[in-house]
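# Results of the structural survey
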Amino acid sequence: MRIYKEKEKERILPNSFGCFSSDGWEYVIENPLTPRPWVNILTNGKYGVLISNSGSGFSWIEDAVLSRITRWYPEVLEERWGKFLYLLDRKSGKIFSLTYQPTRTEFDFYQVRHSPGYTIISGEKEKLSWSIYYFVPLKDNLEIWYVLLQNNSHSTRKISIFSYFEWCLGNGGDTHWEYQRTFIETEWDEKRRILIGRKRELAQDYPEIPVSAFHTSFPLPTSFEGDKENFLRRGDLKKPSAVIKGELPCSCGKWGFPIGSVETRLELRPGEKKEVIFLLGIEEEKNKVDYYKKPENVQEEWRKVKDFWREFLSRTWVETPDKAFNIMNNIWLKYQTIAGRIWGRTGFYQTSGAYGFRDQLQDCLIFLYLDPSLTRKQIFLHASHQFRDGSTYHWWHEKLNIGPKKNVGDDYLWLPFVTSEYLEETGDWKFLEEKIPYADGEEGSLLEHCLRAFERAFQNLGKHGLPLIGEGDWNDGLNRMEGGESVWLGEFLIYNFKRFSPIMDKFGFLSKIYLQKIKEIEEAVKNSGWDGKWFLRGYLKNGEPLGSSKCKEASIFLNPQSWAIISGVASKQQIQSILFSVRSHLYTPFGPLLLSPPFTKVRKDIGYITRYAPGIRENGGIYTHAATWWILALCILQKNEEAWEIYKSLLPPLRGREPENYAVEPYVTCGNSDGPASPFPGRGGWTWYTGSSQWLFKVGMEWIIGLKKRNGQLYFEPCWPKEWKEIRVIRLFKNKKREIYLSLNRKGQVII
């Protein structure tokens, strides 16, 4: 561990704000004034931290909403909420923060290095240089801010470093802070020099998981403070009065605006380097402070975190001629899916804390490449949140087991989808016999859970013979169409059934009734779903078509076209018409639109998608999740160059070459980009917490690279661009690493 003082010599995939390190494992930000916050998520699966390039962010334990440790708001433009470190030169009286926020100092040098498992923020000012290592140990529920500080002047420096954050200690929704803060108390443990924050339980009907947490430093704090009013007084976060004074007031109790702040003092001789360790964690872990006060132990724990992520993510690896593809598929898409979606369940633009039934089920497919037992564990968790009638929770908070049971058309069907993927990977047939409870009592085997999903789908058909959409299907924005029908859901059901029917057959459950039902649904999609040039999105309750050429708004949707090809429903003639229609109506330089033209009028019979501004998110934006499915469809058709061009249009490092336009992080995928109806076409949004990261990875590996599974075996069906001639793949499969070299001969055939 060292102090970083230089810019990267080898700048990989650079833009005006930063670049990847030479090995791709770090994204190096060289300018704090990024267009949007560029963040990292650090978590061991229980304790988590979100930290931006300016130092803003928050901490949580297990649930990022209901059990939030520090208070935070997602202020995209100001970023005033975080856990900050102030430096006071006790001789000159000069003050600045060691991160860009909150003082917004003009540093002589500033650099942020985001990596799986850690973030390093380095700076130089007033002839002092430093690096702060932020990380969460693998096994302990706390976070470490390890500060290396060096005096580059010719005189001895006497300085103080003050920490600062606001306690939340429960529900992060914060809708009535004046009420919530009255349940928080702070306490000072004089013997151990530890500040403690606790939250007493609120009203019984208030959803939260109260937390008790601690904060301290080494060298031990010389002063402390638990009340924001005493910390700021007449000042503000740029110049807090307590920091100006050079000593914290040392007050705690139950009556203030609860914060955590400790001061530690240092004396540095010319050229001397010293270490300061700040700890923040749940109170149960305060017995670990004696271990973590030793720099050698902190350094060892940081190495363990770094080594864990590098080994774990490297279990499946690919080398192609394209650096952006390699870095994203080898490192960042996996890390985003695991840290942001599955373990953290949070991001800067959306913090959830809950499990989405369809969401984390799809996300856990990433573990098939790294540790399939984690996919198995996730499947069991979701199956236990299915009801006996086959329906499911739409989402739930695990520790309180609360969430809505909505009538969403596709949620329950992702259980057999992911189960079949797991079986293809592992051949673990006994897995289907595991008994899992239903959310409303009794239990059944996993196979029975999956069968109940199909039975529910077969019982919920509309007058056109298509599946009922319920309160939305994949698109939650179609939430007012209950009683209407979904063409896309029909296609997804057909594909899902075809994948799962061999499993039914193996166990004797492939009945004639099932086969007849799926045949009827397929006929309904072909006959009632076809609009002449493309497939409809569905029908409203009154029978009005949605996604038809007759519609003035939203006349064509992407998903029904993709899945008509993926499911095998579309004829050759229909496929040609679909290709022409999608290219004509939905293609943009930033990927295919989800629908076109966007809604401009509110439709109470369709849903909140019509309330979005035109060109934003699902309403005429590029929705990355859906765009990956179109790439998959193109690969099925062996449209190699077209599939690759669209894949590239979604790759964050390539989009990030124009950071002022793209705005968001160039190392993790975004959930959506603005469409041409927006005044900011191509602007990214909703990074980290998006299911598109797993799908972009899956499509990259299984369809662009072409490494697939069939009947328990690996095989290749490449959809490479013409400039690729050879690749190398390391693939974890059936608990063994397979190293494979592939090249194309003159006929375009794969040579292994």
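Located above this text is the structure these notes cover.
None of the values given here were measured: they were computed from a predicted structure. (Residues numbered from 1 in each chain as written. Predicted model: local features only at pLDDT ≥ 70, side-chain atom pairs only at ≥ 80, totals over all residues. Heavy atoms only, no water.)

### Description of the overall build of the chain
Along its length, the chain carries 19 helices and 37 strands. The dimensions of the chain, computed from C-alpha atoms along their principal axes, are 80 × 65 × 50 Å. The buried share of the chain, reckoned over its 752 residues, is 64%. Pairs at least 24 residues apart make up 65% of the contacts formed inside the chain by residues separated by at least 6 positions. Of the roughly 27900 Å² of accessible surface on the chain, a fraction of 48% belongs to carbon and sulfur atoms. Positive and negative charge centroids in the chain, built from 103 and 93 side chains respectively, lie 3 Å apart. (Helix = DSSP H or I, 4+ residues; strand = E, 2+ residues; numbered from the N terminus. Buried < 20%, exposed > 50% of the residue type's maximum accessible area, 1.4 Å probe, protein only. Contact = heavy atoms within 4.5 Å. Areas by Shrake-Rupley, 256 points an atom, 1.4 Å probe, with all protein chains shown as cover. Lys, Arg positive; Asp, Glu negative; His and termini not counted. Charge placed at Lys NZ, Arg CZ, Asp CG, Glu CD.)

### Here we look at the sheet that holds strand 27 (residues 545-546)
Pairing in this open sheet of 3 strands is antiparallel, and the strands run 25-26-27 from one edge to the other. Each edge of the sheet is formed by a strand with only one pairing partner; in this case those strands are strand 25 (485-486) and strand 27. Pairing of strand 26 (residues 538-539) with strand 27, which is carried by 2 bridges, proceeds in the antiparallel orientation. Pairing of Tyr 539 across the sheet is with Pro 545, part of strand 27. (Pairing = 2+ DSSP bridges.)

### Regarding the nonpolar core
Core analysis: the largest hydrophobic core is formed by 214 residues, its most contacted members being Ile 69, Trp 332, Leu 446, Trp 630, Tyr 647 and Ile 705. No other element matches the 12 residues that helix 6 (residues 323-343) contributes to this core. Phe 162, Leu 232, Leu 237 and Ala 242 belong to the second-largest nonpolar core, a separate cluster that totals 12 residues. (Core = buried A, V, L, I, M, F, W, Y, C linked by side-chain atoms within 4.5 Å.)

### Considerations on helix 14 (residues 572-585)
In an α-helix, one full turn covers 3.6 residues, which means residues spaced three or four apart are oriented alike. For helix 14, which comprises 14 residues, the first-to-last C-alpha distance of 20 Å matches the rise-based estimate of 20 Å (1.5 Å per residue) to within 8%. Within the sequence span of helix 14, burial applies to Gln 574, Ile 575, Ser 577, Ile 578, Leu 579, Ser 581 and Val 582. (Expected span 1.5 Å × (residues − 1).)

### What to know about the pattern of salt bridges
Considering all chains together, one arrives at 56 salt bridges under this definition. The residue Lys 399 makes a salt bridge to Glu 62 at a minimum N-O spacing of 2.9 Å. Note that Lys 399 is positioned in the loop between strand 22 (395-396) and helix 9 (414-426) and Glu 62 in the loop between strand 5 (57-61) and strand 6 (68-70), a separation of 337 residues in sequence. Residue class for Glu 62 comes out partly exposed when judged on its relative accessible area of 28%. A salt bridge links Arg 80 to Glu 75; its shortest N-O distance comes to 2.8 Å. On the accessibility criterion, Arg 80 (43% relative accessible area) is partly exposed. Connected through salt bridges with shared partners, the residues Glu 421, Glu 425, Arg 499, Lys 698, Glu 702, Lys 709 and Arg 731 form a single ionic network. (Salt bridge = Lys/Arg side-chain N within 4 Å of Asp/Glu carboxyl O.)

### Some points on the sheet that holds strand 31 (residues 670-673)
Read from one edge to the other, the open sheet built from 3 strands follows the order 30-31-32, with strand pairing classed as antiparallel. Only two strands of the sheet have a single partner each, and these edge strands are strand 30 (622-623) and strand 32 (684-687). Looking at chain direction, strand 31 and strand 32 are connected through 3 bridges and run antiparallel. Among the inter-strand pairings, Cys 670 is bridged to a residue of strand 32, identified as Thr 687.

### Quick notes on unusual backbone geometry
Cis geometry marks the peptide bond from Gln 101 to Pro 102, where omega comes out at 5°. Summarising the element assignment, Pro 102 is placed in the loop between strand 8 (95-97) and strand 9 (109-115). Put simply, Phe 218 and Pro 219 share a cis peptide bond, and its omega is 0°. The phi torsion at Asn 401 lies on the positive side, around 50°, for a residue other than glycine.

### As for the side chain of Arg 728
When you line up the elements, Arg 728 lands in strand 35 (residues 726-733). On the basis of relative accessibility, which here comes to 18%, the residue Arg 728 falls in the buried class. Looking at Arg 728, its side chain comes within polar contact range of the side chain of Glu 319, at 2.7 Å. Side-chain polar atoms of Arg 728 contact the side chain of Glu 739, separated by 2.8 Å. Excluding anything up to four places from it in sequence, Arg 728 contacts Trp 317, Val 318, Glu 319, Glu 739, Ile 740 and Tyr 741. (Polar contact = N/O pair within 3.5 Å; in protein donor to acceptor, adjacent residues only side chain to side chain.)

### Some points on the environment of Lys 512
Relative to the helices and strands, Lys 512 resides in helix 12 (residues 512-528). Owing to a relative accessible area of 76%, Lys 512 belongs among the exposed residues under this scheme. With 187 residues separating them in the primary sequence, Lys 512 and Phe 325 have C-alpha atoms 45 Å apart.

### Considerations on the packing of helix 11 (residues 487-506) against helix 12
As a packed pair, helix 11 and helix 12 sit with axes 10 Å apart at the nearest point and diverge in direction by 150°. Classified by the angle between their axes, helix 11 and helix 12 sit roughly antiparallel to one another. Between helix 11 and helix 12 the crossing geometry is left-handed. Seen from helix 11, the contacting residues are Val 487, Gly 490, Glu 491, Leu 493, Ile 494, Phe 497, Lys 498 and Met 504; seen from helix 12, they are Tyr 514, Leu 515, Ile 518, Ile 521, Glu 522 and Val 525. Per-class residue counts for the contact of helix 11 with helix 12 are 10 nonpolar, 1 polar and 3 charged. (Axes fitted to C-alpha atoms, helices over the stretch in contact; angles between N-to-C directions. Parallel < 35°, antiparallel > 145°, perpendicular 65-115°, else oblique. Left-handed = near helix turned anticlockwise from the far one by under 90°. Nonpolar A, V, L, I, M, F, W, Y, C, P; charged D, E, K, R; others polar.)

### Notes on the side chain of Asn 151
Within the secondary structure, Asn 151 sits in strand 12 (residues 142-151). A residue is classified by how much of its surface remains accessible, and Asn 151, at 0% relative accessible area, is buried. For Asn 151, the side chain forms a polar contact with the main-chain oxygen of Ser 155, separated by 2.9 Å. Residues contacting Asn 151, with those up to four places away along its chain left out, are Lys 127, Leu 128, Thr 156, Arg 157, Leu 268, Arg 269, Pro 270, Gly 271 and Glu 272.

### Some thoughts on helix 19 (residues 692-704)
Its 13 residues place the ends of helix 19 only 16 Å apart at the C-alpha level, less than the 18 Å of an ideal helix rising 1.5 Å per residue. Where burial is concerned, most of helix 19 is hidden: 13 out of the 13 residues are buried.

### As for the environment of Thr 34
Position of Thr 34 relative to the elements: it lies in the loop between strand 2 (27-29) and strand 3 (39-43). For Thr 34 and Ser 16, which are 18 residues apart along the polypeptide, the C-alpha to C-alpha distance reads 9.2 Å. Residue contacts for Thr 34: discarding those within four places in its chain leaves Phe 17, Ile 29 and Asn 53. In this structure the side chain of Thr 34 is engaged in a polar contact, spanning 3.1 Å, whose partner is the side chain of Asn 53.

### Re the packing of aromatic side chains
Aromatic ring pairs are reported here in terms of the distance separating the ring centres and the angle at which the planes meet. Enumeration according to the criterion identifies 70 aromatic pairs in this entry. The residue whose ring lies beneath Arg 345 is Tyr 355, and the NZ or CZ to ring-centre distance is 4.0 Å. The aromatic ring of Tyr 369 is capped on one face by Arg 731, whose charged end is 4.1 Å from the ring centroid. (Phe/Tyr/Trp six-rings, centres within 6.5 Å; stacked < 30°, edge-to-face > 60°. Lys NZ or Arg CZ within 6 Å of the ring centre and 35° of its normal.)

### Looking at the packing of helix 10 (residues 446-459) against helix 11
Relative orientation and spacing of two packed helices are given, respectively, by the angle between their axes and the distance between those axes. Relative to each other, helix 10 and helix 11 sit at 140°, their axes nearing to 12 Å. In terms of orientation, helix 10 and helix 11 fall into the oblique class. As helix 10 packs across helix 11, the resulting crossing turns out to be left-handed. On helix 11, the residues that touch Leu 447, Cys 450, Leu 451, Phe 454, Ala 457 and Phe 458 of helix 10 are Leu 493, Asn 496, Phe 497, Phe 500, Ile 503 and Met 504. A breakdown of the residues in the contact of helix 10 with helix 11 according to their chemical character gives 11 nonpolar, 1 polar and no charged.

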